[in-house]
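What the coordinates show
The lines below spell out each chain.
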Amino acid sequence: MTPSAKQLKTQVDLRSMNTLGVSAMAAWFVRLARKDDLPYWLSWAREKSLPVLILGGGSNLVLAQDFPGLVIQMGLKGRCWESVSQESAILDVAAGENWHDTVMYSVDAGYGGLENLALIPGTVGAAPIQNIGAYGAELGDVLASVDVFDTQLGEWRRIARQECRFGYRDSLFKQEPGRYVVTGVRFGLSRQRPLNIAYRDLQQYFAQVQREPSSLSGADVARAVIAIRHDKLPDPTRLPNVGSFFKNPIVSRAHYEKLSASFPGLVSYPDPGGVKLAAGWMIDQCGWKGYRNTHVGVHARQALVLINHANGTGKDILDLARAIQADVEKTFGVMLEIEPLVIGEDAA
Ligand code: EPU
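Quantities reported herein were computed from a predicted structural model and do not represent experimental measurements.

Moving on: the overall build of the protein chain. Assigned secondary structure in the protein chain consists of eight helices and 19 strands. Relative to the compact-globule value of 20 Å for 348 residues, the protein chain shows a C-alpha radius of gyration of 21 Å, a close match. For the protein chain, the spread of C-alpha atoms along the three principal axes comes to 65 × 55 × 35 Å. Put simply, the protein chain has 348 residues, and 50% of those count as buried. For the protein chain, the share of sequence-separated contacts (at least 6 apart) that also reach a separation of at least 24 residues comes to 61%. Taken together, the 36 basic and 36 acidic charged side chains of the protein chain have centroids lying 2 Å from each other.

Bringing the nonpolar core into the picture now. Ranked by internal contacts, the top residues of the largest apolar core, which has 49 residues, are Phe 245, Phe 246, Leu 277, Met 282, Ile 283 and Ile 324. A total of seven residues in this core trace back to one element, the largest contributor, which is helix α8 (residues 314-332). Shared between two domains, this core holds at least three residues of each, these being domain 1 (5-74) and domain 3 (241-347). With 41 residues, the next largest nonpolar core counts Ala 118, Leu 143, Ile 159 and Ile 197 among its residues.

Our next topic: the sheet that holds strand β16 (residues 274-277). Pairing in this open sheet of three strands is antiparallel, and the strands run β14-β16-β15 from one edge to the other. Of all the strands in the sheet, just β14 (250-251) and β15 (268-271) have a single pairing partner and so form its edges. Examined bridge by bridge, β14 and β16 share two bridges and lie antiparallel to one another. Looking at the pairing, Ile 250 lines up with Lys 276 of β16. Against the sheet, helix α6 (residues 253-262) touches β14, β15 and β16, its axis set at about 50 degrees to β16.

A few words now on the pairing of strand β7 (residues 88-94). Looking down a regular strand, the side chains alternate between one sheet face and the other. β7 sits mainly inside the fold: six of its seven residues count as buried. Note that strand β6 (residues 79-82) and β7 share four bridges and pair antiparallel. Residue pairing for β7: Trp 81 is matched across the bridge by Leu 91. Between β6 and β7, which pair antiparallel one after the other, the connecting turn spans five residues, and Ser 83 there sits at a positive phi close to 45 degrees. Note: β7 against strand β12 (residues 180-190), seven bridges, orientation antiparallel. Bridging across to β12, Leu 91 finds its partner in Phe 187.

Attention now goes to unusual backbone geometry. Most peptide bonds take the trans form, and the phi angle of most residues other than glycine is negative. Backbone geometry at Gln 11 places phi at a positive 45 degrees, although glycine is not the residue there. Here Gln 11 is to be found in strand β1 (residues 9-13).

Taken together, the three strands give an open sheet; going across it, the order is β13-β18-β17, and neighbouring strands pair in antiparallel fashion. Among the strands making up the open sheet, the edge pair consists of β13 (241-244) and β17 (296-298). The sheet shows a mean angle of 15 degrees between the axes of neighbouring strands, direction not considered. Note that β13 and strand β18 (residues 305-308) share two bridges and pair antiparallel. Bridge pairing in β18 links Asn 241 to Ile 307.

On to the site of the ligand, then. As a matter of local geometry, the ligand sits amid 24 residues, with Tyr 135, Tyr 168, Arg 169, Tyr 199 and Asp 284 nearest to it. In the environment of the ligand, an oxygen atom lies 2.9 Å from a nitrogen or oxygen atom belonging to the side chain of Gln 302. Interatomic distance of 2.8 Å between a backbone N/O atom of Ala 303 and an oxygen atom of the ligand. In the complex, the protein chains occlude 87% of the 810 Å² of accessible area that the ligand would expose alone. For the shell around the ligand, the secondary structure elements donating two or more residues are β8 (133-134), α5 (218-232), β13 and α7 (279-285).

This paragraph deals with the pattern of salt bridges. A side chain of one charge can pair with a side chain of the opposite charge if their charged atoms are brought near each other. In total, this model carries 17 salt bridges according to the counting rule given. Note that Arg 186 is salt-bridged to Glu 82, the shortest N-O span being 3.0 Å. On the criterion of sequence distance, the pair formed by Arg 186 in strand β12 and Glu 82 in strand β6 is long-range, its members being 104 residues apart. Among the residues examined, Arg 186 registers a relative accessible area of 12% and is labelled buried. On the basis of relative accessibility, which here comes to 23%, the residue Glu 82 falls in the partly exposed class.

Cut-offs applied
- The numbers attached to residues start from 1 for each chain and follow its sequence in the written order.
- With the structure being a predicted model, the display of local features is reserved for residues of pLDDT at least 70 and the display and counting of side-chain atom pairs for 80 or more, all residues being used for whole-chain, interface and lining totals.
- Computation of side-chain values: all heavy atoms of the structure, hydrogens and water removed.
- Note on conventions: DSSP H or I runs of at least 4 residues are helices, E runs of at least 2 residues are strands, and numbering of each starts at the N terminus.
- When we talk radius of gyration, it's over C-alpha atoms, and the globule rule is simply 2.2 Å times the number of residues to the 0.38.
- Here's how the labels work: a residue is buried when its accessible area is under 20% of the maximum for its type, exposed when over 50%, partly exposed in between, all with a 1.4 Å probe on protein chains only.
- Whether two residues are in contact is decided by their heavy atoms, any of which lying within 4.5 Å being enough.
- By the counting rule applied here, Lys and Arg register as positive and Asp and Glu as negative, while His and the ends of each chain are not counted.
- Note that the charge is assigned to NZ on lysines, CZ on arginines, CG on aspartates and CD on glutamates.
- Here, nonpolar core means buried Ala, Val, Leu, Ile, Met, Phe, Trp, Tyr and Cys residues that are tied together by side-chain atoms lying within 4.5 Å of each other.
- Here the limits of each domain have been adopted from an automatic or database domain assignment.
- At least two DSSP bridges between two strands are required for those strands to pair.
- Simply put, an axis is a line fit to the C-alpha atoms, just over the touching stretch for a helix, and the angle between two N-to-C directions goes from 0 to 180 degrees.
- For each residue, the test is whether any non-hydrogen atom lies within 4 Å of the molecule or strand; if one does, the residue is near.
- Side-chain atoms alone can form a polar contact between residues adjacent in sequence; in general such a contact is a pair of N or O atoms within 3.5 Å, and within protein one must be able to donate a hydrogen while the other accepts it.
- Exposure was quantified through the Shrake-Rupley algorithm and a 1.4 Å probe, taking into account, for residues, occlusion by the shown protein chains and nothing else.
- Salt bridge, as used here: a side-chain nitrogen of Lys or Arg that lies within 4 Å of a carboxyl oxygen of Asp or Glu.

Written out as structure tokens, the structure is:
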């Protein structure tokens with residue numbers, strides 16, 4: 001069945017489809033409800049030499065200009081269990097499902113693995129692209145495989161975790177932008193996996209509510225993560241944002257030693273590539289936390305998050321990001337890397 005031309009829209013404002021709440025027009029727009037229609041729309045765009053943007057929840061996207069091509073909104077839905085046993089199960093989820101609902105669905109079924117990643121905005125299909133991570137866990141730890149359409153080979157593929165080249169906020173899908181369209185993700189979940197509660201915020205939370213680690217379930221960890229996120233991170237529906245705007249930079253040990261001599265409070269974590277620094281702490285030290293101009297600002301409780309306060313554009317947000325980058329570079333000699341996908345000419 002050929003997709004209907006009626007599904008295709010022109011000049012669609014993406015404002016309600018990105019969590020930064022930025023207005024930008026898509027020249028062409030289609031919502032993908034059937035997986036089999038994907039190759040058709042990709043060829044349609046290719047024939048017209050139009051760029052394609054796959055849109056999930058729009059929670060990791062900065063639209064700094066209108067999009068001159070075809071936006072395909074990922075509307076694929078469905079979850080199913082495979083290889084279910086008393087100890088473990090595979091959960092197969094379509095790319096358009098909401099991430100947090102999927103976490104809670106798995107936790108409610110009693111299978112662990114995703115609980116530390118509760119309340120992250122966005123869709124399941126976007127999760128492997130930036131290898132989402134929070135509170136000591138990363139998606140790559142529990143993902144079994146990713147189903148994609150490979151636009152280069154023109155074929156459907158199932159990519160195993162080992163081939164996904166997962167790193168800190170990095171993956172094969174990010175390294176080869178535009179090549180793979182993620183249509184589904186399979187998670188390897190377990191009833192036996194030890195809970196991951198080493199992250200400082202989680203330790204503090206459980207100490208405060210006087211819960212013994214041995215008494216905790218995956219659902220307790222999910223509830224704790226939800227409470228911590230509510231406390232620190234702004235709700236995108238009230239204060240439009242894209243989560244962390246910068247990656248935590250990884251510097252050499254020598255650079256770290258020099259910095260920590262000058263900045264005794266420097267927050268850092270060991271990393272295979274050297275030392276990972278807390279970008280939020282550095283931005284905070286530069287005095288940006290709670291900063292606000294007419295349109296945009298920096299969150300008052302987490303300096304790594306930029307906020308669109310009042311009809312800011314993607315360009316307003318990028319201008320603020322550039323000013324922060326320059327300040328942090330001047331103070332710490334570290335260039336912060338922007339984390340979300342930037343669409344527009346400023347995306348250097
Ligand atoms: N800090 C400050 N001031 C700030 C912000 C942070 O001093 O304004 C300090 C904190 O006190 C803490 C350290 O910096 O000692 C790190 O802060 P936090 O634990 O909040 O984590 P983060 O490094 O700022 C990362 C992820 C978040 C994730 C949290 C929790 C990145 C880029 N960000 O933030 O992910 O929720 O850890 O695991 O790695 C996202 O990617 O959108 C995101 C929100």
